[in-house]
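Results of the structural survey
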Amino acid sequence: MTTSLVAVQLLNGVEYGLLLFLVASGLTIIFGVLGVLNFAHGSFYMLGAYLAYFIAERTGSLLFAALLGLPVMVLVGFLVERLAISRLYARDHLSQVLLTYGLVLVFNDLQRALFGNEVHGVPMPRALTGSVALGEMQSWPVYRIFTSVACLCIALLLRQVILGTRFGMSVRAGASNAEMVEALGIDVRKLFSALFTAGAVLAALSGMLAAPLTTVYPGMGEGILIVSFVVVVIGGIGSIKGAFAGALLVGIADTFGKVLLPGVSSAVVYAVMAAVLLFRPRGLLGQPALQR
Amino acid sequence: MRTPLSRRAVLAAASAAAASAVLPRRSFAASKAKIKIGLLLPYSGTYASLGNNITDAMKLAASEKKNRLGGREIEWVAVDDESDPAKAPANVNKLVVGEKVDILTGPVHSGVAMAMMQIVRQEKTLTIVTNAGAQPITGSLCSPNVFRTSFSNWQTSYPCAGVMLKDGRKKAVGMFWNYSFGQESMSAFREGFTKGGGTIVKEIPVPFPTTEFQANLSEIASLKPDAVFVFFAGAGAAKFIKDYAAAGLMEKIPLYGSGFLTEGVLGAAGPAANGIKTTLHYADALDTPANKKFREAFKKATSREADVYAVAGYDTIHLLAQALDKVKGDTSAEKDLIAALEAARTESPRGPFRFGKTHNPIQNVYVRLVKGGREEVLGLAQKEADDPAFGCAMAT
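Residues numbered from 1 in each chain as written. Chains lettered and ligands numbered in written order. Predicted model: local features only at pLDDT ≥ 70, side-chain atom pairs only at ≥ 80, totals over all residues. Heavy atoms only, no water.

**What about the packing of helix α2 (residues 48–64) of chain B against helix α11 (residues 308–326) of chain B?**
Residue and element names in this part refer to chain B. In the contact formed by α2 and α11, the axes pass within 7 Å of each other and the chain directions differ by 35°. Relative to α11, the crossing made by α2 is right-handed. Contacts between α2 and α11 involve Leu50, Asn53, Ile54, Ala57, Met58, Leu60, Ala61, Ala62 and Glu64 from the former and Tyr309, Ala310, Gly313, Tyr314, Thr316, Ile317 and His318 from the latter. Here the contact of α2 with α11 is composed, by residue class, of 11 nonpolar, four polar and one charged. (Axes fitted to C-alpha atoms, helices over the stretch in contact; angles between N-to-C directions. Helix = DSSP H or I, 4+ residues; strand = E, 2+ residues; numbered from the N terminus. Left-handed = near helix turned anticlockwise from the far one by under 90°. Contact = heavy atoms within 4.5 Å. Nonpolar A, V, L, I, M, F, W, Y, C, P; charged D, E, K, R; others polar.)

Here's what the structure looks like:
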């Protein structure tokens, strides 16, 4: 491989990793603070993508789809937490997995009933349809650059919220000791509800951003869910910084795996995960105290 | 309209049939009774629309025959195979042993078809494969009681090599989903391309169902081949086409593939698909009276557009009708019925159709070009293409 090709592939890997981070961040927050293994996270991603398709097709604008779709997702996230998830905080992980897996099936059937089984394309916003040259043969779609920048901005925003606001402080406190937080007079019920909703919205937002790139199809949620779990485990469960590092690592490993070991490329990210866990059983930035 | 049995209903029927197992299996007296046609097709999951189109086209063809085959009224028994090979043996048994269908049709998924082959080779049920293109069905696992009305993977990809070479493209990269369908397509293309003097610079297997292509697109850009041959289908195909165009490769390195690259994905792929050349045994735009009549009738019956999958379902019933008329509906006369099917001919919407020695169709393969978001037929890629029948004893 020439150096220029390595550079291009690095770029590919980072770009993929940034999108993975956006999906995985919600998953890791929900697990870290609420202690819930949320299989339905992939369904929220899918729902976001389908909403983007559904609204963009009718209004012709992806921005409009995001503005209309995200409030819908706030409602969906809130209702799912209130009606289902909140009843299982005291239970073990198996009950939670059963519940959230059940939700996956429900959302898949809903998707089938509402949107059908066809593959749908989502047009990019017109202002972002151009591309820039990358080497003599390939060009780089502006929309891909846009999603990367958007993911980066959201990552910085998340960091700001968690480190710099009162809400973020309670989240961090809740992650290390929920009982103590409650004893200090913070309404944990509300906190959890808000966090779960935020996680659902993050997943849906990634689905919306990705929709023009990935097209929209049944089962798209499951694929991303598995990779996101890998990212979360590599990064250390509950750690957002870890998820960021993990996402970039998975993105780059996956990209180079595809080029260098095409026959076994699907195994490369899992090999990376195994290697990381061998040396750091709690993931790159997982905290030993973080246990529920 | 389609009324697939619910799983519970099938189970109930199967247990009822098992409880009253005194019914003779294929008695001659039954020839006046209804003729039971089993449909093993996906009615849920990714391939649901394929299963529905095949079913509705079969029913359309049946209605053209007044719902009678060889003088016997048709009774449909549908089972949702969920495109799940793991559930296939149980589903096949439901139809073959439980329902004792006279004729089994389906499935879409090749994995399901392979599981089905194991059973129907033993039970000797007359079986018509309506989609699955796996080579062994009419190759190493071929069987006198098994026919196929769709295609073999070889037929969809081998002719593409010739088309590419004729366009003067001698250096190609091949990229495919690394499972049996993709591998068989790739190997058929490789066979044709190297035989015709072309060189395959690199083959890129992509794990199924991965749709992250960026890394491989950068690789293709650095290899600078004359053309790229790919096998992807459905959602993956739409994504690949969009990515390929967005990376600016479509104008520089033309894209070729088996027809499944563009079947049913042109709407999702949009203008990105313009310029893609594919080969397949059917094209929506085929300008023949048979195709026009079929497409109009299908649209009238279902208010959907017909496609390559529907064509296979439609032909299945017309071929069966011919054969069953010849044996006067007597499905117990197995040898005569098989001989009658072997001799059956139809002017299919896809063009002239007959069975080859291995019971795979001998059919024209067309060159199709996407232009202005629609598929155009450029002509024949291969006239009366016959599958080479790898390892089938019936071929000799």
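**As for the side chain of B:Thr278**
Inspection of the secondary structure assignment puts B:Thr278 in strand β11 (residues 277–280). Every residue in contact with B:Thr278, bar those within four places of it in the chain, is listed here: B:Gly257, B:Ser258, B:Gly259, B:Leu261, B:Thr262, B:Tyr366, B:Val367, B:Arg368 and B:Glu375.

**Side note on a nonpolar patch on the surface**
There is a patch of nonpolar side chains on the surface, built from A:Met1, A:Leu260, A:Leu261 and A:Val264 and spanning about 390 Å² of accessible area. Within the fold, A:Met1 resides in the segment before α1 (3–34). (Patch = residues over 30% accessible without salt bridge, like charges linked within 9 Å, V, L, I, M, F, W, Y side chains within 5 Å. Areas by Shrake-Rupley, 256 points an atom, 1.4 Å probe, with all protein chains shown as cover. Salt bridge = Lys/Arg side-chain N within 4 Å of Asp/Glu carboxyl O.)

**Here's the deal with the interface of chain A and chain B**
Listed per partner, the contact involves 32 residues of chain A and 33 residues of chain B. Contact between chain A and chain B buries roughly 2,700 Å² in total, counting both sides, with carbon and sulfur atoms accounting for 57%. Together, A:Met137, A:Gln138 and A:Lys258 form the three largest contributors to the area buried by chain A at its contact with chain B, with a combined 25%. Inspection of the region where chain A meets chain B yields one salt bridge. (Buried area = accessible area lost by both parts, 1.4 Å probe.)

**Some remarks on the sheet that holds strand β1 (residues 35–41) of chain B**
All names here are of chain B. Across the sheet, six strands lie side by side as β2-β3-β1-β4-β5-β6; this open sheet has mixed pairing. Sheet topology places β2 (68–69) and β6 (146–148) at the edges, where each strand pairs with a single neighbour. Pairing geometry for β2 and strand β3 (residues 72–80), over two bridges, is antiparallel. In the strand pairing of β3, Leu69 is matched with Arg72. (Pairing = 2+ DSSP bridges.)

**Details of helix α6 (residues 180–195) of chain B**
Because each turn of an α-helix spans 3.6 residues, side chains separated by three or four positions end up pointing in the same direction. Residue and element names in this part refer to chain B. Given a rise of 1.5 Å per residue, 16 residues ought to cover 22 Å, and the 22 Å separating the end C-alpha atoms of α6 matches this to within 8%. The set of residues buried in α6 consists of Phe181, Gly182, Glu184, Ser185, Met186, Ala188, Phe189, Gly192 and Phe193. Of the surrounding secondary structure, the elements contacted by the buried residues of α6 are α5 (153–166), β7 (171–177), β8 (199–206) and β9 (227–231). (Expected span 1.5 Å × (residues − 1). Buried < 20%, exposed > 50% of the residue type's maximum accessible area, 1.4 Å probe, protein only.)

**Considerations on the state of the cysteines**
Considering all chains together, one arrives at one disulfide over all chains under this definition. With no disulfide of its own, A:Cys151 lies closest to A:Cys153 among cysteine sulfurs, the gap being 9.3 Å. (Disulfide = S-S within 2.5 Å.)

**Structural notes on the confidence of the model for chain B**
One rule of thumb: low pLDDT means the predicted coordinates there are not for detailed reading. Residues and elements named next belong to chain B. Within chain B, residue pLDDT values average 90, and 92% of them lie at 70 or more. Low pLDDT, under 50, characterises residues 16–31; the predicted model gives this stretch 16 contacts beyond four residues in sequence or across chains. Predicted complex, confidence summary: ipTM 0.81, pTM 0.83. (pLDDT = per-residue confidence, 0-100.)

**Things to note about the pairing of strand β13 (residues 351–355) of chain B**
Residues and elements named next belong to chain B. Two strands pair when backbone bridges link them, and strand β12 (residues 345–348) and β13 are joined in this way by four bridges, in the antiparallel orientation. Residue pairing for β13: Thr346 is matched across the bridge by Phe353. Hairpin connection of β12 to β13: two residues between the antiparallel strands. Two strands pair when backbone bridges link them, and β13 and strand β14 (residues 361–371) are joined in this way by two bridges, in the antiparallel orientation. When the sheet's bridge partners are listed, Arg354 is paired in β14 with Ile362. Linking β13 to β14, which pair antiparallel, is a turn of five residues; within it His359 sits at a positive phi near 75°.

**Looking at the nonpolar core**
Judged by nonpolar contacts, the single largest core of 185 residues is most densely connected at B:Phe189 and B:Phe232. The dominant element in this core, judged by the number of residues it contributes, is helix α8 (residues 188–214) of chain A, at 16 residues. The contacts of B:Phe232, once residues within four sequence positions are left out, are B:Met175, B:Phe176, B:Trp177, B:Val206, B:Phe213, B:Ala237, B:Phe240, B:Phe260 and B:Leu261. Formed by 22 residues, the second largest nonpolar core is a distinct cluster that contains B:Ala88, B:Met117, B:Ala132 and B:Ala134. (Core = buried A, V, L, I, M, F, W, Y, C linked by side-chain atoms within 4.5 Å.)

**Topic: α11(B)**
All names here are of chain B. Taking 1.5 Å per residue, 19 residues should reach 27 Å; α11 reaches 28 Å between its end C-alpha atoms and fits that length. Taking burial as the measure, the 19 residues of α11 include 16 buried ones, the bulk of the element. Residue Lys328 follows α11 closely and has a positive phi angle near 55°.

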